[in-house]
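Spelled out, the chains give:
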Amino acid sequence: MRRILITGASGFIGRHLVQSLERLKYDVYTTSRRLDGVKNCKSDITSEETKEFISRISPDTLIHMAGISDVRQSHLRPVEYHKINTGGTLNVLSAMATVPNSEIIYLNSGGAIYDSDQALPI
């Protein structure tokens, strides 16, 4: 059974992806600042704890979606956004570099281009 790690699992896309992969009987692990559970690392992607979690579970596939995405706030707090989005991604990738025969899927959405008042689905 493939072991899959999803970063940003508490986001809109992440929640649905976790549910879909679990229905398909994948062994799904997650990282999220908001979720609890045995298969979740409740920490920020910039943390050493996240790196240790990745090394410990040694996923076959990492699906990376974690970060912060409020475009308006990113202009007000660019250093924080850079630290989390860029530094956090580097942290996750460096942990995955220690996992042999693994693959990385980077997913992002174009959510910033849509009007937040628009009805779903868009």
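Predicted model only: the values in this text are computed from it and were never measured.

Trainee: Would you take a moment to explain the overall build of the chain for this structure?
Mentor: Looking only at helices and strands, one finds four helices and five strands in the chain. Starting at the N terminus and ending at the C terminus, the chain contains elements arranged as β-α-β-β-α-β-α-α-β. In terms of its C-alpha atoms, the chain occupies a principal-axis envelope of roughly 40 × 35 × 25 Å. Out of the 122 residues belonging to the chain, those deemed buried represent 34%. A separation threshold of at least 6 residues defines the contact pool for the chain, and within that pool the share at least 24 residues apart is 60%. Element-wise, carbon and sulfur atoms account for 54% of the exposed surface of the chain, whose accessible area totals about 7900 Å². Charge centroids of the chain, computed over 14 positive and 13 negative side chains, lie 3 Å from each other.

Trainee: Which parts of the structure should I look at to understand the nonpolar core?
Mentor: Burial of nonpolar side chains together is a common tendency in soluble globular proteins. With 13 residues, the main nonpolar core has Leu-5, Phe-53 and Ile-54 as its most contacted residues. Aside from chain neighbours lying at most four places away, what touches Leu-5 is Tyr-29, Thr-30, Thr-31, Phe-53, Ile-54, Ile-57, Pro-59, Thr-61, Leu-62 and Ile-63. Counting nine residues, the second largest nonpolar core, distinct from the first, contains Ile-6, Ala-9, Leu-21 and Ile-63.

Trainee: Help me out: how do you make sense of the sheet that holds strand E1 (residues 3-7) in this one?
Mentor: Strand pairing in a sheet is mediated by backbone hydrogen bonds. Such pairs are either parallel or antiparallel. The parallel open sheet is built from five strands, whose spatial order is E3-E2-E1-E4-E5. Only two strands of the sheet have a single partner each, and these edge strands are strand E3 (40-41) and strand E5 (103-106). Pairing of strand E2 (residues 27-31) with E3, which is carried by two bridges, proceeds in the parallel orientation. Each residue of the ladder has a partner; that of Thr-30, found in E3, is Asn-40.

Trainee: Please explain the side chain of Ser-10 as it appears in this structure.
Mentor: Considering the arrangement of structural elements, one finds Ser-10 in the loop between E1 and helix H1 (12-23). Of the residues examined, Ser-10 reaches a relative accessible area of 11% and is grouped as buried. One polar contact links Ser-10 to Ser-32, side chain to side chain, over a distance of 2.8 Å. In contact with Ser-10, not counting residues within four places along its chain, are Arg-15, Ser-32, Arg-34 and Leu-35.

Trainee: I would appreciate a short explanation of the packing of aromatic side chains in the present structure.
Mentor: Evaluation of the coordinates by the stated rule reveals one aromatic pair. Sitting over the face of the ring of Tyr-29, Lys-39 holds its NZ or CZ atom 5.1 Å from the ring centroid.

Trainee: Explain the environment of Asp-60 here, please?
Mentor: Along the chain, the position of Asp-60 falls in the loop between helix H2 (48-57) and strand E4 (61-64). Considered as a pair, Asp-60 and Asp-27 are 33 residues apart in the sequence and their alpha carbons are 10.0 Å apart. Every residue in contact with Asp-60, bar those within four places of it in the chain, is listed here: Met-1, Arg-2, Arg-3, Asn-101, Ser-102 and Glu-103. A distance of 2.7 Å separates a polar side-chain atom of Asp-60 from the backbone nitrogen of Arg-3.

Trainee: In this structure, what is going on with the side chain of Thr-61? I would like to understand it.
Mentor: Note that Thr-61 resides in strand E4. Judged by relative accessible area, which is 3%, Thr-61 ranks as buried. At 2.6 Å, the side chain of Thr-61 and the side chain of Arg-2 are in polar contact. With sequence-adjacent residues up to four places away left out, Thr-61 is seen in contact with Arg-2, Arg-3, Ile-4, Leu-5, Glu-103 and Ile-105.

Here is what the cut-offs are and how they apply
Residues numbered from 1 in each chain as written. Predicted model: local features only at pLDDT ≥ 70, side-chain atom pairs only at ≥ 80, totals over all residues. Heavy atoms only, no water. Helix = DSSP H or I, 4+ residues; strand = E, 2+ residues; numbered from the N terminus. Buried < 20%, exposed > 50% of the residue type's maximum accessible area, 1.4 Å probe, protein only. Contact = heavy atoms within 4.5 Å. Areas by Shrake-Rupley, 256 points an atom, 1.4 Å probe, with all protein chains shown as cover. Lys, Arg positive; Asp, Glu negative; His and termini not counted. Charge placed at Lys NZ, Arg CZ, Asp CG, Glu CD. Core = buried A, V, L, I, M, F, W, Y, C linked by side-chain atoms within 4.5 Å. Pairing = 2+ DSSP bridges. Polar contact = N/O pair within 3.5 Å; in protein donor to acceptor, adjacent residues only side chain to side chain. Phe/Tyr/Trp six-rings, centres within 6.5 Å; stacked < 30°, edge-to-face > 60°. Lys NZ or Arg CZ within 6 Å of the ring centre and 35° of its normal.

As far as function goes, none of this settles anything; it's purely spatial.
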